[in-house]
Amino acid sequence: MTDISTQKLKKEINFLRVYSLLLTVVILFIFYLIYNPIIRGKYHDIDVERINVKETDGSLKMVISNSMLQHSGVVDGVTFERERPAGIIFFNSHGDECGGLIYDGNNKEAGFVLSVDEYKEDQVMQLQYIENTADNQKKYGMQLWEHPVEVSYKEKTEKLDKAFAIKDPDARKKAIAALDAEGLITKERLFVGKHFNDEVGLFIQDEEGNTRIKIYVDKDNQARIEVLDKDGNTVK
């Protein structure tokens, strides 16, 4: 073998050595990224459509998303089939939705809602702004609800869906009344803020959802305090 051929072979071998070394470094770095995903960085501007915040075991804790990719929600193993506005949805360690912040607005309606959900149930507290932009009607304030009977959310949802699906109005009303008697209908208990009828104040409901105390200023700027019976008649 000539000296030129020997030198050429050595160069090729050295090139292969360097190439193999670089390839090994790249592969090791890729494995490092896969098994050590915690990389800190500072970014000036990020465009995303959805962010899933998860625990180290992969369980979902929070979703920040636009309306197209927003999580539909899940309670007690029941996953909803619905579209939701953009915002943030929170999840507890059981995997259920436990609250969220959603918002939207167009030439018909607008709203911004921060909700707190009961464990394995629907919302019990909400800071809200709701507007009918077409008619310029607004409601905003804090609202509380109560779920009279503790049953599985799946059972409750199935019964409610079945009742509301009844086509005959009288039969549907009777079925809903029966579920109400069982304590399966959510009851409003308190509202502090401004109603659509321009009344601003404190409104307290009994366990049946009937307004019993009203401390408010009406749309004519008159201050009022009212105590009502369960049928809505003023008693004091």
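Here goes a summary of the coordinates provided.

Here is what the cut-offs are and how they apply
Residues numbered from 1 in each chain as written. Predicted model: local features only at pLDDT ≥ 70, side-chain atom pairs only at ≥ 80, totals over all residues. Heavy atoms only, no water. Helix = DSSP H or I, 4+ residues; strand = E, 2+ residues; numbered from the N terminus. Polar contact = N/O pair within 3.5 Å; in protein donor to acceptor, adjacent residues only side chain to side chain. Contact = heavy atoms within 4.5 Å. Salt bridge = Lys/Arg side-chain N within 4 Å of Asp/Glu carboxyl O. Pairing = 2+ DSSP bridges. Axes fitted to C-alpha atoms, helices over the stretch in contact; angles between N-to-C directions. Core = buried A, V, L, I, M, F, W, Y, C linked by side-chain atoms within 4.5 Å. Buried < 20%, exposed > 50% of the residue type's maximum accessible area, 1.4 Å probe, protein only. Expected span 1.5 Å × (residues − 1). Arc of directions from axis to C-beta. Patch = residues over 30% accessible without salt bridge, like charges linked within 9 Å, V, L, I, M, F, W, Y side chains within 5 Å. Areas by Shrake-Rupley, 256 points an atom, 1.4 Å probe, with all protein chains shown as cover. Parallel < 35°, antiparallel > 145°, perpendicular 65-115°, else oblique. Left-handed = near helix turned anticlockwise from the far one by under 90°. Nonpolar A, V, L, I, M, F, W, Y, C, P; charged D, E, K, R; others polar.

**Topic: the side chain of Gln-128**
And then number 1: In this structure, Gln-128 sits in strand β8 (residues 123-132).
And then number 2: Among the polar contacts made by the side chain of Gln-128, one reaches the side chain of Gln-126 at a distance of 2.6 Å.
And then number 3: At a separation of 3.5 Å, a polar atom in the side chain of Gln-128 contacts the side chain of Lys-139.
And then number 4: In contact with Gln-128, not counting residues within four places along its chain, are Phe-112, Val-113, Lys-139, Tyr-140, Gly-141, Gln-143, Trp-145 and Phe-191.

**Some points on the pattern of salt bridges**
Between side chains of opposite charge, a pair can form when the charged atoms approach closely.
And then number 1: For the structure on display, the rule yields 13 salt bridges.
And then number 2: Here Lys-120 makes a salt bridge to Asp-76, at a shortest N to O gap of 3.9 Å. Of this pair, Lys-120 sits in the loop between β7 (110-117) and β8 while Asp-76 is found in the loop between β3 (74-75) and β4 (78-79), placing the two residues 44 residues apart along the sequence.
And then number 3: As a salt-bridge pair, Glu-182 and Lys-159 come within 3.5 Å of each other at their nearest N and O atoms. Highlighted residues: Glu-182 in the loop between α3 (169-181) and β10 (187-194) and Lys-159 in helix α2 (residues 153-164), separated in sequence by 23 residues.
And then number 4: Shared partners join several salt bridges into a network, and the residues in it are Arg-82, Arg-84 and Glu-97.

**Quick look at the sheet that holds strand β2 (residues 60-65)**
And then number 1: Overall, antiparallel pairing links the 11 strands, which are arranged β1-β2-β5-β6-β7-β8-β9-β10-β11-β12-β13 in an open sheet. Among the strands making up the open sheet, the edge pair consists of β1 (50-54) and β13 (223-227). Taking each pair of neighbouring strands and ignoring which way they run, the sheet shows an average axis angle of 10°.

**Thoughts on the nonpolar core**
And then number 1: Membership of the largest hydrophobic core is limited to 5 residues, which are Leu-160, Ala-163, Leu-179, Leu-184 and Ile-185.
And then number 2: Excluding residues within four positions of it along the chain, Ile-185 makes contact with Pro-148, Leu-160, Ile-176, Leu-179 and Asp-180.

**Re the environment of Trp-145**
And then number 1: With respect to the helices, strands and loops of the structure, Trp-145 is situated in strand β9 (residues 137-146).
And then number 2: The contact partners of Trp-145, leaving out residues within four places of it in the chain, are Gln-123, Val-124, Met-125, Gln-126, Gln-128, Thr-186, Lys-187, Glu-188 and Arg-189.

**Notes on α2**
And then number 1: In a regular helix each residue adds 1.5 Å, so 12 residues correspond to 16 Å; α2 covers 16 Å between its end C-alpha atoms and thus fits that length.
And then number 2: Turning to α2, its buried residues are Tyr-153, Lys-156, Leu-160 and Ala-163. Each buried residue of α2 lies within a common arc of 105° when the element is viewed along its axis, so the set occupies one face.
And then number 3: Buried-residue contacts for α2 involve β3, β4 and α3.

**What to know about the pairing of strand β11 (residues 200-205)**
And then number 1: The sheet contact formed by β10 and β11 spans 5 bridges and is antiparallel. Paired with Gly-193 across the strands is Gly-201, a residue of β11.
And then number 2: Joining the antiparallel neighbours β10 and β11 is a turn of 5 residues, in which Asp-198 adopts a positive phi near 75°.
And then number 3: The pairing of β11 with strand β12 (residues 211-217) spans 6 bridges and is classified as antiparallel. Residue Gln-205 lies in a different strand from β12, and its bridge partner there is Thr-211.
And then number 4: Where β11 folds back onto β12 in an antiparallel hairpin, the turn is made up of 5 residues, including Gly-209, whose phi is positive at roughly 90°.

**Considerations on a nonpolar patch on the surface**
And then number 1: Taken together, the side chains of Tyr-43, Ile-46, Val-48, Ile-51, Val-53 and Ile-64 make up a nonpolar region of the molecular surface, amounting to roughly 540 Å² of accessible area.
And then number 2: Position of Val-48 relative to the elements: it lies in the loop between α1 (3-35) and β1.

**So, the packing of α2 against α3**
And then number 1: It is the contact of α2 with α3, at a shortest axis distance of 8 Å, that shows an interaxial angle of 160°. As summarised for this structure, α2 and α3 are arranged roughly antiparallel, according to the angle between their axes. Along this stretch, α2 crosses α3, giving a crossing that reads as left-handed. Residues Lys-159, Leu-160, Ala-163 and Phe-164 of α2 lie in contact with α3, whose contacting residues are Arg-172, Ala-175, Ile-176 and Leu-179.
And then number 2: Per-class residue counts for the contact of α2 with α3 are 6 nonpolar, no polar and 2 charged.

**Examining unusual backbone geometry**
And then number 1: With a phi angle near 55°, Lys-120 is a residue other than glycine that sits in the positive phi range.
And then number 2: Look at Lys-120 and you get partly exposed, because its relative accessible area is 27%.
And then number 3: One non-glycine residue, Asp-198, lies in the positive phi region at around 75°.
And then number 4: Looking at the element boundaries, Asp-198 is found in the loop between β10 and β11.

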